[in-house]
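# Working through the structure, step by step
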Amino acid sequence: MAEERINRIKEVLVIQGKSQVWLAEQLEKSTTSVTAFCNNKSQPHLKDLKKIAIILDVDIRELLVSTKE
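Calculation rules
Residues numbered from 1 in each chain as written. Predicted model: local features only at pLDDT ≥ 70, side-chain atom pairs only at ≥ 80, totals over all residues. Heavy atoms only, no water. Helix = DSSP H or I, 4+ residues; strand = E, 2+ residues; numbered from the N terminus. Buried < 20%, exposed > 50% of the residue type's maximum accessible area, 1.4 Å probe, protein only. Salt bridge = Lys/Arg side-chain N within 4 Å of Asp/Glu carboxyl O. Axes fitted to C-alpha atoms, helices over the stretch in contact; angles between N-to-C directions. Parallel < 35°, antiparallel > 145°, perpendicular 65-115°, else oblique. Left-handed = near helix turned anticlockwise from the far one by under 90°. Contact = heavy atoms within 4.5 Å. Nonpolar A, V, L, I, M, F, W, Y, C, P; charged D, E, K, R; others polar.

Looking at an unreviewed UniProt entry, one finds the protein named Helix-turn-helix transcriptional regulator, with Pseudotenacibaculum haliotis as its source organism.

Shown next, in the form of structure tokens:
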């Protein structure tokens, strides 16, 4: 069974050449929290997702996995 993905934060970081540690520093969150977001073990609150979109200069929709088949 494939791992369920809800967000694309990790993919966007890779595309931009940025690290999870860097994002954690920008968000003022622990690296553990950001790693959990990136691995879809937990999901950021909407306000944090908006902040991530601003930090990465992407539309918030680019951070989400489409539910359309």
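Now that the structure has been shown, we can carry on.
### Quick word on the environment of Glu4
Counting through the fold element by element, Glu4 comes out in the segment before helix 1 (9–16). A residue is classified by how much of its surface remains accessible, and Glu4, at 61% relative accessible area, is exposed. For the pair Glu4 and Asn40, spaced 36 residues apart in sequence, the C-alpha to C-alpha distance is 7.7 Å.

### Examining the pattern of salt bridges
Under the criterion given, the structure shown has 3 salt bridges. Here Lys29 and Asp48 are joined by a salt bridge, their closest N and O atoms 3.2 Å apart. Of this pair, Lys29 sits in the loop between helix 2 (20–27) and helix 3 (31–38) while Asp48 sits in helix 4 (residues 46–56), and the two are 19 residues apart along the sequence. Take Lys29: its relative accessible area is 30%, and that puts it in the partly exposed class. Its salt-bridge partner being Asp59, residue Arg61 comes within 2.8 Å of it at the nearest N-O pair. According to the relative accessible area criterion, Asp59 is partly exposed, its value standing at 33%.

### With respect to the packing of helix 1 against helix 4
Two elements in contact, helix 1 and helix 4, have axes separated by 12 Å at closest approach and are oriented at 10°. Taken together, helix 1 and helix 4 sit at an angle that is classed as roughly parallel. As helix 1 packs across helix 4, the resulting crossing turns out to be left-handed. Contact residues: helix 1 offers Ile9, Val12, Leu13 and Gln16, while helix 4 offers Leu49, Ile52 and Leu56. Among the residues making up the contact of helix 1 with helix 4, the classes are represented as 6 nonpolar, 1 polar and no charged.

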